[in-house]
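Chains, contacts and geometry: an overview
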Amino acid sequence: MTELNTVEYIAVKSVAEAVTALQSHKGARVIMGGTDLMVGMRDGRIRPSCLVDVSRVRELIGIANHHGSLRIGAATKITDIIEHPVVRQACPALVDAGKLLGGWQIQNMATLAGNVCNASPAAETAGPLLVLDAEVEACGPSGLRSIPVHQFWLGPGKTALEPTEILTAIIIPPGVDGRRSAYQRVHIRHSVDIALVCSAARVVLADGNVQEARIALGAVAPTPIRVREAESYLQGRALSEEVLDKVAELAQAATQPITDVRASAEYRRAMAGVLVRRVLQSAARRA
Ligand SMILES: Cc1cc2nc3c(=O)[nH]c(=O)nc-3n(C[C@H](O)[C@H](O)[C@H](O)COP(=O)(O)OP(=O)(O)OC[C@H]3O[C@@H](n4cnc5c(N)ncnc54)[C@H](O)[C@@H]3O)c2cc1C
């Protein structure tokens, strides 16, 4: 077990200070709400040399419309995201996911950045961000860069961030119509629990037919995934029972689930098909 009281702790006031601290402390980790990190440290899975606390950096807090894109600062809490009127209207899938993330105590502490950087294959917000074509803004010693979220997760617990980079914001680019988007999951308990399988979808409809579709699945592969074959198949089609059957089949074929103590691979694959149908129908019903 890590001795928590021997870990150096630096609370920074700016992104530049955070990057400098990460450069000068090998093995340092960024801490936001700590709801993943502290659990990992307590059970000895994560042993940082130093914690760089960026949770009070003003430039990282808040939600803003920036030249038509929606910019969610890295230190914005889940509660503030799910209560934000623009997010509720423009990205209902993200609100669905935020409401399921832990309980309200966790939502008051946890951040979107922490959920994304923790890189769990079951991360609640990953599917919504995939279907919203979100981008990760990161800052390191060479300045800012943008990473499409579908390239961000490299495996369980692994991301495209360099050890000296921090995630500064999540951006929903201009032109992404997220009004018809939804997220659902299956879980064992009805209170605080992690998804056994989860799915998000976004559709743009024209005359009752799908003009654009995005479908994502979580907890069925080493990283959250897009179901691109089903997205292409849906283009120009109405969401009939027959079409949804085919989409469910394509979704199941895209999975590589594992069996663990919580569910079997067969169950996860079957539920992937069920969930994809449900989220597509739910997304399409939203105005
Ligand atoms: C009781 C409980 C229930 C939970 N339920 C759920 C659930 O239902 N669904 C779910 O998805 N998760 C759940 N979680 C996990 C956790 O709450 C979320 O993943 C949360 O969003 C993490 O955010 P945080 O701000 O606390 O991150 P932290 O714990 O502070 O950080 C998480 C990881 O991200 C890194 N990190 C954080 N911010 C940055 C940044 N800006 N730049 C670079 N790296 C960064 C940290 O170094 C760390 O590795 C639960 C946790 C608990 C304790």
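Everything discussed here concerns the structure shown above.
Calculation notes
- Residues numbered from 1 in each chain as written.
- Predicted model: local features only at pLDDT ≥ 70, side-chain atom pairs only at ≥ 80, totals over all residues.
- Heavy atoms only, no water.
- Helix = DSSP H or I, 4+ residues; strand = E, 2+ residues; numbered from the N terminus.
- Buried < 20%, exposed > 50% of the residue type's maximum accessible area, 1.4 Å probe, protein only.
- Polar contact = N/O pair within 3.5 Å; in protein donor to acceptor, adjacent residues only side chain to side chain.
- Contact = heavy atoms within 4.5 Å.
- Pairing = 2+ DSSP bridges.
- Near = heavy atom within 4 Å.
- Nonpolar A, V, L, I, M, F, W, Y, C, P; charged D, E, K, R; others polar.
- Domains from an automatic or database assignment.

This brings us to the side chain of E124. Among the structural elements, E124 can be located in the loop between helix 7 (112-118) and helix 8 (126-131). E124 gets classed as buried once you look at its relative accessible area, which sits at 6%. Separated by 2.7 Å, the side chains of E124 and R185 make a polar contact. E124 has contacts with A97, L100, L101, N115, Y183, R185 and A195, leaving out every residue within four places of it along the chain.

With that settled, the discussion passes to the sheet that holds strand 13 (residues 209-218). Sheet strands associate in pairs through backbone hydrogen bonding, adopting either a parallel or an antiparallel arrangement. Ordered by their spatial adjacency, four strands build an open sheet running 11-12-13-14, and the pairing between neighbours is antiparallel. Edge positions in the open sheet fall to strand 11 (181-186) and strand 14 (225-226), since each of these has one partner strand only. Across nine bridges, strand 12 (residues 197-206) lies against strand 13 in antiparallel orientation. Considered in strand 13, the bridge of A206 is made with N209.

Turning our eyes to something else, we now look at the site of the ligand. The local shell around the ligand holds 28 residues, among which V30, T35, D36, T111 and E124 are the closest. Backbone polar atom of G102 to an oxygen atom of the ligand: 3.0 Å apart, as the coordinates give it. Between the ligand and R185, the relevant distance is 3.3 Å, taken from an oxygen atom to a side-chain nitrogen or oxygen of the residue. If you list the elements that add at least two residues to the shell around the ligand, you get strand 2 (28-31), helix 7 and strand 10 (166-172). It is helix 7 that contributes the most residues to the shell around the ligand, four residues altogether. Tallied by class, residues from the shell around the ligand come to 15 nonpolar, eight polar and five charged. Each of domain 1 (4-53) and domain 2 (59-172) accounts for three or more of the residues forming the shell around the ligand.

To continue, consider the pairing of strand 10. Within a regular beta strand, the side chains point alternately toward one face of the sheet and then the other, so they alternate between its two faces. For strand 10, a buried count of seven out of seven residues is recorded, marking the element as mostly surrounded by other parts of the structure. Note: strand 5 (residues 69-73) against strand 10, four bridges, orientation antiparallel. When the sheet's bridge partners are listed, G73 is paired in strand 10 with A169. By the bridge criterion, five bridges tie strand 6 (residues 135-140) to strand 10 in an arrangement that is antiparallel. By the bridge assignment, V136 is partnered in strand 10 with I170.

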